[in-house]
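Coordinate analysis (summary)
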Amino acid sequence: MPKLAFRRAPSYPTFSTRTGRALPSYTHSSMARDGITNGVNGVGASNGVAPMANVRHAHTHHVRHTRVADLSSDFDTSHPTEVRKYLRTYGLTPPAVESFQTQAERCLKLLSLKPTPIDKFQYLTHLKATNVHLFYRLLAENIKELTPLIYTPTVGEACQKWSEIYTQPEGMYLSFDDKGHLHSVIQNWPKHNVEITVVTDGSRILGLGDLGINGMGIPVGKLSLYTACAGIRPDATLPLTLDLGTSNEQLRNDPLYMGSRRPKVSAQEEQEFLDEMMAALTERWPGIVIQFEDFKNPFPALERYRDHYTCFNDDIQGTGAVILGGFINAVKRTGVAAKDQRAVFLGAGSAGVGVAKQIVEFFMREGLTEDQARKCFWLVDSKGLVTNDRGDKLADHKIYFSRDDNDGKQIKSLADVVEYVKPTILMGLSTIGGAFTPEILTRMSELNAHPVIFPLSNPSSQSECTFADAMKYTKSTCLFASGSPFPDYEGQTPGQGNNMYVFPGIGLGTILSKAVNVTQEMIYASAELLSTSLTPEEHAKGWLYPDIARIRDVSVTVARGVIRAAQASSVDRELALRNLSDEQLDEYIRERMYDPKLEKLLVEEELLHLVKSMQGVEHKL
Ligand SMILES: NC(=O)C1=CN([C@@H]2O[C@H](COP(=O)(O)OP(=O)(O)OC[C@H]3O[C@@H](n4cnc5c(N)ncnc54)[C@H](O)[C@@H]3O)[C@@H](O)[C@H]2O)C=CC1
Ligand SMILES: CC(=O)C(=O)O
Ligand SMILES: [Mg+2]
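Throughout this document, residue positions are counted from 1 along each chain, in the order its sequence is written. Chains and ligands are labelled by the order in which they are written, letters from A for the one and numbers from 1 for the other. With the structure being a predicted model, the display of local features is reserved for residues of pLDDT at least 70 and the display and counting of side-chain atom pairs for 80 or more, all residues being used for whole-chain, interface and lining totals. Water and hydrogen atoms play no part in the side-chain values, which are based on all heavy atoms of the structure.

1. Let's talk about the overall build of the protein
- Helix and strand assignments come from DSSP, with helices taken as H or I runs of at least 4 residues and strands as E runs of at least 2, each series counted from the N terminus. Looking only at helices and strands, the protein has 29 helices and 16 strands in total.
- The buried share among the 621 residues of the protein stands at 60%.
- Throughout, a residue-residue contact means that at least one pair of heavy atoms, one from each residue, lies within 4.5 Å. For the protein, the proportion of contacts with a sequence separation of at least 24, taken over those separated by at least 6, is 70%.
- To be clear on the numbers: accessible area is Shrake-Rupley with a 1.4 Å probe, and residue cover counts the displayed protein chains and nothing else. For the protein, the exposed area adds up to about 24,300 Å²; of that, 53% sits on carbon and sulfur atoms. Burial status follows relative accessibility: with a 1.4 Å probe on protein chains alone, a residue under 20% of its type maximum counts as buried, one over 50% as exposed, and anything between as partly exposed.

In C-alpha cells:
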C-alpha cells in the first residue's frame, strides 16, 4: 500500500487531497507517485485555486477572497493572535483564544437554550454560514443528537415555514423562466469545484406534499449529511431547487412565498427543462454526481438519464438500498426463507416501488425466480390493493407488482389486506401517519413470531406508527425500523431505516471511482455493504442498522462496495483503484474525506505559514 502521508514540499503551491485547497506547505506524496489524481477534490484542483493562492501570497488583504477565508471564519475565536493580526481581525473578536471544546460547549449550550426545533435549526444554519468547520466538527461529533435538527424531522417543518424563516441564500434556484439560459445561470454559482448536487423541484417534500421552492431545505440538509457522513467537502456541494411552479395553491397565494406563482408545469415541459439542466450541469462540472430528490413522479427522469449521466434517484434507489440493507439483517434474525416471505407495502410510490424492487433482487439472489420473487409483494395505494382488475389506469411503476390472483376481489383497507395476505412484513411508505393501527400491529404479532414492521414515511408526523406503539402492540417481538428517529422504548433502541445510511457512501464511491454512471450493481452493493457494517456488539443487541454515531466508518464501507461494483460494471475511470486491496481502498477513501478537525489544523497552519512568510518580506523591506 502506498503510504498516504503528508510531507513538506519544497515547491509551491500543491494541493491537499483532504482539503482540495492549494496548500503551500503540503503535498500528497503517494498521489504524485502513483499518478492517482485527486478524487473527492480533483475537479477543484484544476480549476484555478492555485492562482488564487498566489494572489493571497502577494496581497494579504486579498485573503478574504481565498478558499481559506471561504471555509474558515475570519472571526473564529480559535485563531491565535498572530493569525488575527494577519487577518486584521485582531481586536475585533474577544481576546481569548479558544479550543474546539470550549467553542463546542458554548454552541451546545446555546442550542439547548433555543426553545423549539426550528430555533435550533436556524441557529445551526447560522453557525454553518459563519464557521463551517466548527459546524461540521460539532455535527460529526454529535451526529445522533444534531441530525434530527438539520434533517428529518425538523427539516420538514423548516420547509413548511421556509417563506417565513428565510434569511440567507444557501443554494441555487433555477426557474422555468430561465429555460434556454440555464447554462449561463449556472455560471453564477461561485464555486468551481462542485462534485455533487442534490436537486429537487419541491413537488413531494418528505411526506408533506408539494412545497414548491420551500423544498430547498432538503438539498441543503442532504448535502450537509454528505459532508458530515461521507466527507464531501462543503464547497464541493451544490444544493439545487427548481422553480417549476407548484400545485400548492396555498403557497401560490402566500405573499411571503418566494417562488413563481404558476401552477406546476406539464410533464413534457419538465422533461425539456431537465434535459437542459442535466446538460448544463455536466458541461460546467464534468463528472458531477446528480442526486434527484423528492420529485413527485421521478421514474421517467431516472429512466431517461441513468445511462447518460452520473445520476441516481435517492427516493427510489437510495431508499431501496437502505431498506434492503436492514432487511437482510432482519431476515437473518427471523429465519423466514425468501420463498415464505409475504410483504405488504402501504404506499406504492417512488419509495414503495423502489424498496420492493430492491428486495425482489435480493430474493432472486436467494434462489427465487423473478416471478416467484415478485409475487411475494402486495402493494396498497390510496385506492387499496393494487390489482390488474381494479378498474383504474395504473401508473406505469405500479404495474410490475399489480396482483392478478385476487379472483376479482378488491380490498380497500390495510386491515383487510393484512387479513387477506397474512404478511410477514409490513412496510409503510404512504405518508399516512398512524396508518399502522394498534389492531394491525397486534394482528402482525399474532401472525408472526417476529413481524418486520418498518414505518418509513417522514417526517415523524407522517410515520405509520411510533416505535413505542410497535413495541407495545407486538409485545416487543417486532423487528423495527422507521424513517425518522424515535426515542428508545424500555431500553430498546429503534433502527432508523433512512437513506442517509447509504446515499453519502453512494455519492462518495461514485466520485472517487469517477464512475460515468451509477449502475444498479453499485446501488445493490451499497445495500449489501451496509448490511455487513454492523459490529458484533450491534448484532448482539439485535440491531438492524449500525450506530449512527459510526456513520463515517459506515460510509467508507459503503463507498468501497460502490467502487468495487463500479469496477465490476466497468464504469469506473479511476483505474488505479482496481489494484488496491480492500484495506488499501478503505485507507484511500478515508484519506480523501473532508475532516473538519484536520481541515481546521491545516487552515491554521497555512495561515501561520503565511504570517511567517509575510514577516520575512517585511523584514527584507
Ligand atoms: N425512510 C426513508 O429513507 C424514505 C422515506 N420516504 C418517505 O416515504 C413516503 C412516500 O414517499 P414517495 O414514495 O416518494 O411518495 P409518492 O407520492 O411517490 O408515494 C406515496 C404513495 O402512498 C400512497 N398513499 C397515499 N395516501 C394513501 C392512503 N391513505 N392509503 C394508502 N396509500 C396511500 C399513494 O397512493 C402513493 O402510492 C414519504 O413520506 C417519504 O418521506 C421516502 C424516501 C426515503
Ligand atoms: C428520507 C427521504 O429521502 C424522504 O423522506 O424523502
Ligand atoms: Mg427523499
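2. Remarks on the UniProt feature "active site" (unreviewed entry) in the protein
- UniProt positions are given in the numbering used here, feature names are shortened, and annotations may be inferred rather than shown by experiment. The sites that carry the UniProt feature "active site" (unreviewed entry) are, in the present numbering, Tyr 151 and Lys 222. In summary, the annotated positions, though distributed over 72 residues, converge in three dimensions, the widest C-alpha pair being only 7.3 Å.
- In this structure, Tyr 151 sits in the loop between helix H9 (143–150) and helix H10 (154–160).
- For Tyr 151, the residues in contact, after removing those within four places along its chain, are Lys 222, Leu 225, Asn 498, Asn 499, Met 500 and Phe 503.
- Separated by 2.8 Å, the side chains of Tyr 151 and Lys 222 make a polar contact.
- Mapped onto the elements, Lys 222 comes out in helix H13 (residues 217–230).
- According to the relative accessible area criterion, Lys 222 is buried, its value standing at 3%.
- Discounting chain neighbours no more than four positions away, the residues touching Lys 222 are Tyr 151, Val 198, Gln 291, Glu 293, Asp 314, Asn 499 and Phe 503. In the analysis that follows, any N or O atom pair within 3.5 Å is treated as a polar contact, provided that within protein one partner can donate a hydrogen and the other can accept it, and provided that, for residues neighboring in sequence, both atoms belong to side chains.

3. Details of the packing of aromatic side chains
- Here a Phe, Tyr or Trp ring, Trp counted by its six-membered ring, pairs with any other such ring whose centre lies within 6.5 Å, and the pair is stacked when the planes are under 30 degrees apart, edge-to-face when over 60, and tilted otherwise. With the rule as written, the count across this model stands at 17 aromatic pairs.
- For the pair Phe 327 and Phe 362, a centre-to-centre distance of 6.2 Å together with 85 degrees between the ring planes defines the contact as edge-to-face. Of this pair, Phe 327 sits in helix H17 (residues 314–334) while Phe 362 sits in helix H18 (residues 350–365); the two residues are 35 residues apart in sequence, bridging distant segments of the chain. There is no split in this pair, since Phe 327 and Phe 362 are both buried.
- For the ring pair Phe 467 and Tyr 489, a centre distance of 6.4 Å and an interplane angle of 80 degrees mean the geometry is edge-to-face.

4. So, the coordination of the magnesium ion (ligand 3)
- Coordination sphere of the magnesium ion (ligand 3), protein contribution only: Glu 293 (OE), Asp 294 (OD) and Asp 315 (OD), at 2.1 Å.
- Each metal's donors are the N, O and S atoms found within 2.8 Å of it, except that Na, K and Ca use a 3.2 Å limit; water is left out, so coordination can look incomplete. Taken in chain order, the donor set of the magnesium ion (ligand 3) reads E-D-x20-D. Separated by 22 residues along the polypeptide, Glu 293 in the loop between strand S8 (289–292) and helix H16 (299–305) and Asp 315 in helix H17 bring together distant segments of the chain.

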